[in-house]
Every structure is written in C-alpha cells, then in structure tokens.
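# Per-entry structural report
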Amino acid sequence: MFIETRGNDGIKPQNVPFSFAILNPSASFGGLYVPETLPKIDADFLEKAVHKSYKEITFDILRLFQIDIEEKVIQEALALYDTFDDAKEPTPLVQIENDLFVNELYHGPTRAFKDMALQPFGYILSHLAQQRNEQYLILAATSGDTGPATLDTFADKANIHVACLYPSGGTSDVQRLQMTTQKSRNLKVIGIHGNFDDAQNALKTLLASPTFKEALHAKQMKLSAANSVNFGRIIFQIVYHIYAYIALLKQRKATLGEPFYTIIPSGNFGNALGAYYAKKMGLPIEKILIASNINNILTDLITTGVYDLRHRSLLQTTSPAMDILISSNVERVLFDKFGAARTKELMESLKENKVYMLNNQELLALQEDFAAVYCDDDFGKDQIRHYADKGYVLDPHTATCLKAYQTLKAKPLTCVLCSTAEWTKFAPTMLNALRHDTLKYSDKEALEGIAQTLHVTIPPCIQSLFNETIIHDRVVEKDRIEEEIFDFLNATCQKDAQ
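If you're wondering where the values come from, they're calculated on a predicted model, not measured in any experiment.

### Overview of the packing of aromatic side chains
- Counted by the stated rule, this structure contains 13 aromatic pairs.
- Judged by centre distance (5.3 Å) and plane angle (85 degrees), the rings of Tyr54 and Tyr81 are edge-to-face. Pair noted here: Tyr54 is in helix H3 (residues 54-64) and Tyr81 is in the loop between helix H4 (71-78) and strand S3 (93-97), with a separation of 27 residues, a long-range link.
- Under the relative-accessibility criterion, Tyr81 is labelled buried at 1%.
- Ring pairing ties together the aromatic residues Phe2, Phe18, Phe231, Phe269, Tyr276, Tyr277 and Phe370, which thus form one cluster.

So, in structure tokens, the structure goes:
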C-alpha cells in the first residue's frame with residue numbers, strides 16, 4: 001500500500017494501492033505517494049538473479065512490491081524492452097576505468113533513460129484506463145527527455161490524452177523535434193516562455209487544482225501525470241540500479257555482498273531516489289554520489305543542509321536536463337528520513353519562504369546515504385574530449401559525473417555511473433568539446449561532424465527527425481497553459497464525435 005509524504009487531509013484515503021497512486025499521483029496537501037514499506041532483496045535473491053534476464057528480474061521486483069496489476073499485464077509491459085537496441089541487454093554495463101563502469105540507460109526508442117520507466121509505465125497506465133473505461137489526461141513537464149519518452153509511450157493509446165509542457169529554448173534541437181513532430185492526435189505539445197521549473201510548477205498546480213479537475217470532470221475525463229512525481233516511474237527506476245550490480249556479478253567484477261558507489265547526475269532526483277530505495281531494500285550501495293552542474297542547489301542541500309531559492313535564478317548550461325532548482329523527489333527522501341509532519345513543514349517553508357534548513361542531526365542522516373559535488377560546463381567538455389580520445393563517447397550529463405568519481409570516493413570501491421542520455425541529443429555541445437571551440441553548430445551539422453570524427457552511427461530515429469514536419473508550434477505564456485490544454489481537448493473530442 002502507498003501513503004502520503006505530507007500526511008493525510010481526512011479527505012483522501014489513508015493508504016491506497018499502486019493502481020490508485022499512479023492514476024492519482026497528487027496526494028494530500030500537495031504531497032506525493034510513497035510505499036508504506038519496502039520489500040527486501042537478500043543475497044539469495046541476488047545470487048539467483050545472476051542467471052536471469054533484465055525482464056525476469058524486473059518482474060521479480062514488481063512481484064516483491066505486490067502491486068495490484070495482473071501478472072499478464074506486467075509481462076506485456078515488460079515485453080517493450082524487447083524493442084531496445086539489445087533485447088537481452090537493454091542496459092549495457094560498460095567498463096571505462098579499472099574501477100568505473102557506465103550503466104548505459106539510453107538504448108530505448110527516444111535515446112534517454114526515461115524510456116526505462118516510461119515504456120512499461122505507459123502500457124500499464126493505458127491498460128488501467130481502458131479496463132476501467134475511463135478517459136485520462138496525462139500531464140508531463142520536461143527539461144528535454146521526459147517529454148519525448150512520454151509522447152512515445154502514449155502515442156495512439158486508447159482512453160489517453162497527453163499535454164506535454166517544455167521550456168521554449170531550453171531543450172536541444174533534437175529533443176524539441178522529438179516532441180514537436182509527433183503526429184498522434186491524442187498528443188499535445190506546448191512550449192512555454194519560461195524554464196523547466198516553471199513547467200513543473202504549472203504541472204503541480206494543475207494536478208492539485210480542484211477547478212481544473214472539475215472542468216475535466218465535466219468532460220468525463222480524469223487527471224494523472226507522467227513525471228516522476230508519479231511513483232509508477234520510480235518503481236521501474238529502482239530496478240536498473242539493482243540490475244547494474246547483478247551485471248557486475250555476471251561479469252565477475254564484484255563478489256556477492258561487495259559494496260559499490262553509484263554516481264548519478266542530478267535533476268528531478270528520481271534517479272537518485274531509485275538508488276536510495278534500492279539501497280534500503282538491501283543493495284550494497286556504499287553511498288549515492290550526486291553530480292550537479294552550476295545549478296548546484298542539491299550540492300548545497302547535501303553538503304550544508306540548506307535548500308535556498310531566495311537569491312537564485314536558473315542558469316542555462318550545456319547539461320540542460322539538469323537545469324532544475326526544484327527537485328521534486330527530494331521530498332520522498334525527506335519523508336523517509338524525517339516523517340510526514342517534518343516533511344510538510346519543510347515543503348511549506350520552501351513554498352512560502354523559498355528556503356528550508358535541516359538541523360545538524362537531519363543533515364548527518366542525509367549524508368549517511370548521499371554525497372554531492374558540482375562542476376561547470378568546461379569540466380564536462382574536458383571529460384567528453386578525454387574519453388572520446390580513449391574511444392568512449394559520453395554525453396554532457398554523464399560527463400558531470402566524472403567530477404563525483406574524481407572527488408567524492410572515500411573508499412577504493414567500484415563505481416557505477418548512470419549514463420542518462422545518448423550523445424546524439426546534445427550534438428552541438430559534443431562537437432564544441434571535441435573541437436575545443438565555441439562555434440554555434442546546428443544539431444544536424446554537429447551530428448554529422450561527430451559521426452565522421454568518431455566513426456559512430458547516428459540512429460535512424462534521430463537522423464529522420466530533420467525530415468519531419470513540425471506539427472506542434474505553439475509557445476505560450478504560463479498563464480495560457482490551461483486554456484491551451486482545453487482548446488486541444490475540445491478539438492480532439494469534437495473530431496472523435498464526428
């Protein structure tokens with residue numbers, strides 16, 4: 001069963017099953033849903049898992065959570081991993097240093113780690129909507145990768161409409177084209193004048209808005225979300241951290257029970273939360289090392305205990321998926337550490353005062369599991385160039401993690417680095433790094449330049465984007481988002497009626 005991070009308001013149920021939590025992700029007082037208890041994985045589970053596939057291990061973990069989804073539906077959802085580059089190994093673990101392995105999470109249809117969760121999650125949510133004969137509006141806010149993955153998984157799904165918000169000018173050309181060229185009638189992509197935090201705030205406001213829900217209800221439509229505020233995303237993100245360790249065992253690069261570090265680029269903290277839950281379930285993670293870019297608010301929180309928005313503005317960097325100041329999933333860690341009352345107090349302070357402060361005891365509790373550092377764009381480009389010379393291509397977000405690898409290891413343990421996106425999504429930055437210049441390249445020009453320089457292949461799904469027609473060209477002010485969504489729903493429903 002699932003409970004709420006900020007306590008119960010006396011209106012919503014005290015605890016709910018998995019299906020309710022993913023269909024209705026907004027909990028009491030604007031909080032989030034979390035598992036009441038976490039299942040345990042022990043040495044026996046890991047030993048048996050060495051002989052199993054990614055899909056089999058995922059199925060076993062979902063069964064440990066006892067989610068209220070039929071096993072047949074889970075199996076059908078997990079079969080979508082067969083469409084990844086390698087059906088047998090959807091998340092390859094690649095060694096790039098004696099003690100450093102890259103968990104490549106970007107081999108799905110949109111070339112980013114969001115596919116790992118959104119492919120099966122989208123199938124399950126669509127199934128629930130059809131099973132209940134209910135119509136759903138799915139909201140998504142994106143800094144560049146959630147949007148394409150959400151649109152891909154829900155395209156042409158019955159009983160589903162999607163409204164995806166992205167910051168105009170805040171994504172790469174490839175990410176923007178992945179969204180704006182979508183042809184499916186049930187999808188709406190809306191650019192906004194603002195940044196990702198603005199898009200995410202709009203999503204959270206709409207999820208919690210009684211008037212918005214009432215207007216949807218008048219259209220016989222319900223509301224859910226595809227961002228990692230939805231635990232349906234997180235449950236699948238737990239799995240690849242566990243599988244990475246199993247891959248180390250399979251490759252005989254670790255012995256059963258041997259601890260390791262996991263290194264994660266910051267962002268909305270869903271990836272880090274998945275690792276935290278995996279650690280609590282029994283995975284022998286020594287510590288979760290968080291790497292940020294110069295939007296280093298999480299570094300501040302983990303090193304000082306202060307989350308302070310008062311004198312900060314979002315800075316655009318060459319790792320744009322990490323250009324975030326409000327990381328939603330930190331709330332779930334706060335709840336797990338300090339309980340609902342304290343979490344509500346901290347989150348209300350952030351909303352009202354733009355700051356909260358942990359006490360010394362709370363900071364030490366956070367630092368038991370996390371350490372953090374940040375780097376600038378030049379450091380990332382240096383790492384891209386360095387590893388390209390060694391024959392390995394990594395994207396700007398993965399590159400930030402090398403700062404954590406170089407500075408945060410307190411023990412001589414193996415490190416697993418989560419690589420969250422393929423290089424193709426950030427080609428101009430990649431080419432700037434390789435050529436040591438600051439010229440402005442188009443994505444198409446940069447992709448071709450890198451392919452020739454490094455002798456790597458551009459996937460057809462990326463190459464073909466530049467020949468597609470842009471369908472979603474609307475960019476609006478933040479206060480026009482709701483109006484834009486209802487214009488889309490009215491037009492779609494009218495066509496369906498005809």
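Having seen the structure, we can now continue with the description.
### What about helix H14 (residues 360-367)?
- Among the residues of H14, Glu362, Leu363, Ala365 and Leu366 are the ones counted as buried. Buried residues in H14, looked at end-on, bunch into an arc of 160 degrees, giving them a common side. Exposed residues on H14 whose side chains face more than 90 degrees from its buried face are Asn360, Gln361 and Leu364.
- Buried-residue contacts for H14 involve helix H12 (297-304), helix H13 (330-353), strand S12 (355-357) and strand S13 (370-374).
- Residue Asn359 occupies the N-cap position of H14, its side-chain oxygen lying 3.1 Å from the main-chain nitrogen of Gln361.

### Here's the deal with the sheet that holds strand S5 (residues 135-141)
- Strand order in the open sheet made by the five strands is S8-S5-S6-S7-S15, with parallel pairing throughout. The outermost strands of the open sheet, each flanked by one partner alone, are strand S8 (221-225) and strand S15 (475-476).
- In this sheet, S8 lies alongside S5 in parallel orientation, the contact comprising five bridges. Bridged to Gln135 within S8 is Met221.
- This element, helix H7 (residues 173-180), spans strand S6 (160-167) and strand S7 (187-192) of the sheet and lies at about 155 degrees to S6.

### A word on the pattern of salt bridges
- Evaluation of the coordinates by the stated rule reveals 30 salt bridges.
- Of the charged contacts, one joins Glu97 and Lys390 as a salt bridge, the two residues approaching to 2.9 Å between their closest N and O atoms. Placement of Glu97 in strand S3 and of Lys390 in the loop between helix H15 (377-389) and helix H16 (396-407) is noted, with a sequence separation of 293 residues between them.
- Overall, the relative accessible area of 23% leaves Glu97 in the partly exposed class.
- Since its relative accessible area comes to 46%, Lys390 is described here as partly exposed.
- Of the charged contacts, one joins Lys183 and Glu468 as a salt bridge, the two residues approaching to 2.6 Å between their closest N and O atoms. With Lys183 in the loop between H7 and S7 and Glu468 in the loop between helix H19 (460-463) and S15, the pair connects residues that are 285 residues apart, well separated along the chain.
- With relative accessibility at 32%, the residue Glu468 sits in the partly exposed group.
- Where salt bridges share partners, they join Lys52, Asp60, Arg63 and Glu71 into one cluster.

### What to know about the nonpolar core
- Phe236, Ile242, Tyr277, Leu283, Ile290, Tyr356 and Phe370 are the most contacted members of the largest nonpolar core, which has 109 residues in total.
- Counting residues per element, this core draws most heavily on helix H10 (residues 231-250), at 15 residues.
- Excluding residues that lie within four positions of it along the chain, Tyr356 makes contacts with Leu301, Gly305, Val306, Tyr307, Val330, Leu334, Leu346, Met347, Ser349 and Leu350.
- Ranked by size, the runner-up nonpolar core spans 43 residues in total, among them Leu177, Leu408, Leu434 and Leu447.

### Structural notes on H4
- Along H4, the residues classified as buried are Val73, Ile74, Ala77 and Leu78. Buried positions in H4, seen along its axis, are confined to an arc of 135 degrees and lie on one side of it.
- Residues of H4 that are buried sit in contact with H3, helix H5 (114-131) and H10.

### Let's talk about the pairing of S6
- In terms of burial, S6 is a largely internal element, eight of the eight residues being buried.
- Looking at chain direction, S5 and S6 are connected through six bridges and run parallel. By the bridge assignment for S6, Tyr136 is matched with Ile160.
- Between S5 and its parallel partner S6, the chain crosses via helix H6 (residues 146-154), and the hand of that crossover is right-handed.
- As paired elements, S6 and S7 share six bridges and run parallel to each other. Considered in S7, the bridge of Leu165 is made with Ile190.
- The handedness of the S6 to S7 crossover, carried by H7, is right-handed.

### Some details on unusual backbone geometry
- One non-glycine residue with positive phi stands out, namely Arg252, at about 60 degrees.
- By secondary structure assignment, the location of Arg252 is in the loop between H10 and strand S9 (260-265).

### Regarding the sheet that holds S9
- If you walk across this open sheet you meet the six strands as S3-S4-S14-S9-S10-S13, and the pairing is mixed. Lying at the two open borders of the sheet, with one neighbouring strand each, are S3 and S13. Each neighbouring strand pair of the sheet contributes to a mean axis angle of 25 degrees, computed without reference to strand direction.
- The sheet contact formed by strand S4 (residues 100-104) and strand S14 (residues 415-419) spans five bridges and is parallel.

### Section: the packing of H3 against H10
- Between H3 and H10, whose axes approach to 10 Å, the crossing angle comes to 125 degrees. When the axes of H3 and H10 are compared, the pair comes out oblique. Every pair of crossing elements has a handedness; the one defined by H3 and H10 is right-handed. Contacts between H3 and H10 pair Tyr54, Ile57, Thr58, Ile61 and Leu62 from the former with Ile235, Phe236, Val239, Tyr240, Ile242, Tyr243 and Ile246 from the latter.
- Classifying every residue of the contact of H3 with H10 gives eleven nonpolar, one polar and no charged.

Reading the values: rules and limits
- Residues numbered from 1 in each chain as written.
- Predicted model: local features only at pLDDT ≥ 70, side-chain atom pairs only at ≥ 80, totals over all residues.
- Heavy atoms only, no water.
- Phe/Tyr/Trp six-rings, centres within 6.5 Å; stacked < 30°, edge-to-face > 60°.
- Helix = DSSP H or I, 4+ residues; strand = E, 2+ residues; numbered from the N terminus.
- Buried < 20%, exposed > 50% of the residue type's maximum accessible area, 1.4 Å probe, protein only.
- Arc of directions from axis to C-beta.
- Contact = heavy atoms within 4.5 Å.
- Polar contact = N/O pair within 3.5 Å; in protein donor to acceptor, adjacent residues only side chain to side chain.
- Pairing = 2+ DSSP bridges.
- Axes fitted to C-alpha atoms, helices over the stretch in contact; angles between N-to-C directions.
- Salt bridge = Lys/Arg side-chain N within 4 Å of Asp/Glu carboxyl O.
- Core = buried A, V, L, I, M, F, W, Y, C linked by side-chain atoms within 4.5 Å.
- Right-handed = clockwise from strand over helix to strand, strands pointing away.
- Parallel < 35°, antiparallel > 145°, perpendicular 65-115°, else oblique.
- Left-handed = near helix turned anticlockwise from the far one by under 90°.
- Nonpolar A, V, L, I, M, F, W, Y, C, P; charged D, E, K, R; others polar.

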